[in-house]
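Reading the structure
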Amino acid sequence: MAKEVALLGGGCFWCIEAVYRRVKGVSSAVSGYAGGQMDNPDYRSVCSGTTGHAEVVEVTFDPDVISFGEILDIFWVIHDPTTLNRQGADMGTQYRSVIYYHDDAQKAEAEEAIAEAQESFSDPIVTELSPAPTFYPAEVYHQNYFNLNPEQGYCQAVIAPKVQKFMRTFREKLDV
């Protein structure tokens, strides 16, 4: 099976990871950090806002099952790409909307996707588009957080509605 990797940030990584773990053709979704100035950041340092990292999810997928463009179609639906450094009550540069591309083909596809997605939003899309930096997996307790903590308040109030929206909008993409 061929594999490709998408590296995406759209607010809290728990939300993004919870959705992509449910997508047909995705073999892994790993929460982590990227785009900052220090090696091996941890959650506390990233949340301080001083490292420059974004909370991101490394999505490994089979392009014969789901394309990078389809990965991005889901991305636009599960977060608000028009809010700078913020998703809902989560504020700070670590919550920025970002697509990190791995090659020229991903860059071109992301540029096209941004232009197409803009038609669906009245405010300008502020999603950062940058070359993929080093990805640092987050601490173990952040991985698969929603599935392991479904009754936790943040999971119920913030993540569950995003997962439900994905499931309603992309029924054909569900990994059942």
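That block above? That's the structure.
These numbers come from a predicted model, not from an experiment.

**Quick look at the overall build of the chain**
- Scanning the chain from terminus to terminus reveals 6 helices and 8 strands.
- Its helices and strands taken in sequence order, the chain reads β-α-β-α-β-α-β-β-β-α-β-β-α-α from the N to the C terminus.
- Over its C-alpha atoms the chain spans a radius of gyration of 15 Å, differing by no more than 12% from the 16 Å that the globule rule assigns to 176 residues.
- On the principal axes, the C-alpha backbone points of the chain span a range of 40 × 35 × 35 Å.
- Expressed as a percentage of the 176 residues in the chain, the buried residues total 49%.
- When contacts within the chain are restricted to residue pairs at least 6 apart in sequence, those whose partners lie at least 24 apart make up 76%.
- Just so you have it, the chain exposes about 8,400 Å², and 51% of that area is on carbon and sulfur atoms.

**Quick look at the environment of Pro81**
- Its location among the elements puts Pro81 in the loop between α3 (68–78) and β4 (86–87).
- By relative accessible area, which is 0% here, Pro81 ends up buried.
- Through-space distance from the C-alpha of Pro81 to that of Trp14 is 17 Å; in sequence the pair is 67 residues apart.
- Beyond its immediate sequence surroundings of up to four residues, Pro81 is in contact with Trp76, Ser97, Phe121, Pro124, Ile125, Val126 and Thr127.

**Quick notes on helix α1 (residues 13–20)**
- Among the 8 residues of α1, 8 are classified as buried, and the element is accordingly described as predominantly covered.
- Listed in full, the buried residues belonging to α1 are Phe13, Trp14, Cys15, Ile16, Glu17, Ala18, Val19 and Tyr20.

**Things to note about a negative patch on the surface**
- A contiguous patch of negative charge, built from Glu4, Asp73, Asp103, Asp104, Glu109, Glu112, Glu116 and Glu119, is present on the exposed surface.
- With respect to the helices and strands, Glu112 occurs in helix α4 (residues 104–118).

**Quick notes on the packing of aromatic side chains**
- This model, assessed by the stated rule, comprises 6 aromatic pairs.
- When the centroid spacing of 6.5 Å and the interplanar angle of 35° are considered together, the rings of Phe13 and Tyr43 count as tilted. One end of the pair, Phe13, is in helix α1; the other, Tyr43, is in helix α2 (residues 43–47), and 30 residues separate them in sequence.
- Overall, Phe13 belongs to the buried group, its relative accessible area being 1%.
- Geometrically, the ring pair formed by Phe166 and Phe170 is stacked, given 5.9 Å between the ring centres and 25° between the ring planes.
- Note on Phe166: relative accessible area 0%, which makes it buried.
- Accessibility expressed as a relative area gives 10% for Phe170, which makes it buried.
- Three or more aromatic residues joined by ring pairs form one cluster here, namely Phe13, Tyr33 and Tyr43.

Conventions and cut-offs
- Residues numbered from 1 in each chain as written.
- Predicted model: local features only at pLDDT ≥ 70, side-chain atom pairs only at ≥ 80, totals over all residues.
- Heavy atoms only, no water.
- Helix = DSSP H or I, 4+ residues; strand = E, 2+ residues; numbered from the N terminus.
- Rg over C-alpha atoms; globule rule 2.2 N^0.38 Å.
- Buried < 20%, exposed > 50% of the residue type's maximum accessible area, 1.4 Å probe, protein only.
- Contact = heavy atoms within 4.5 Å.
- Areas by Shrake-Rupley, 256 points an atom, 1.4 Å probe, with all protein chains shown as cover.
- Patch = residues over 30% accessible without salt bridge, like charges linked within 9 Å, V, L, I, M, F, W, Y side chains within 5 Å.
- Salt bridge = Lys/Arg side-chain N within 4 Å of Asp/Glu carboxyl O.
- Lys, Arg positive; Asp, Glu negative; His and termini not counted.
- Charge placed at Lys NZ, Arg CZ, Asp CG, Glu CD.
- Phe/Tyr/Trp six-rings, centres within 6.5 Å; stacked < 30°, edge-to-face > 60°.

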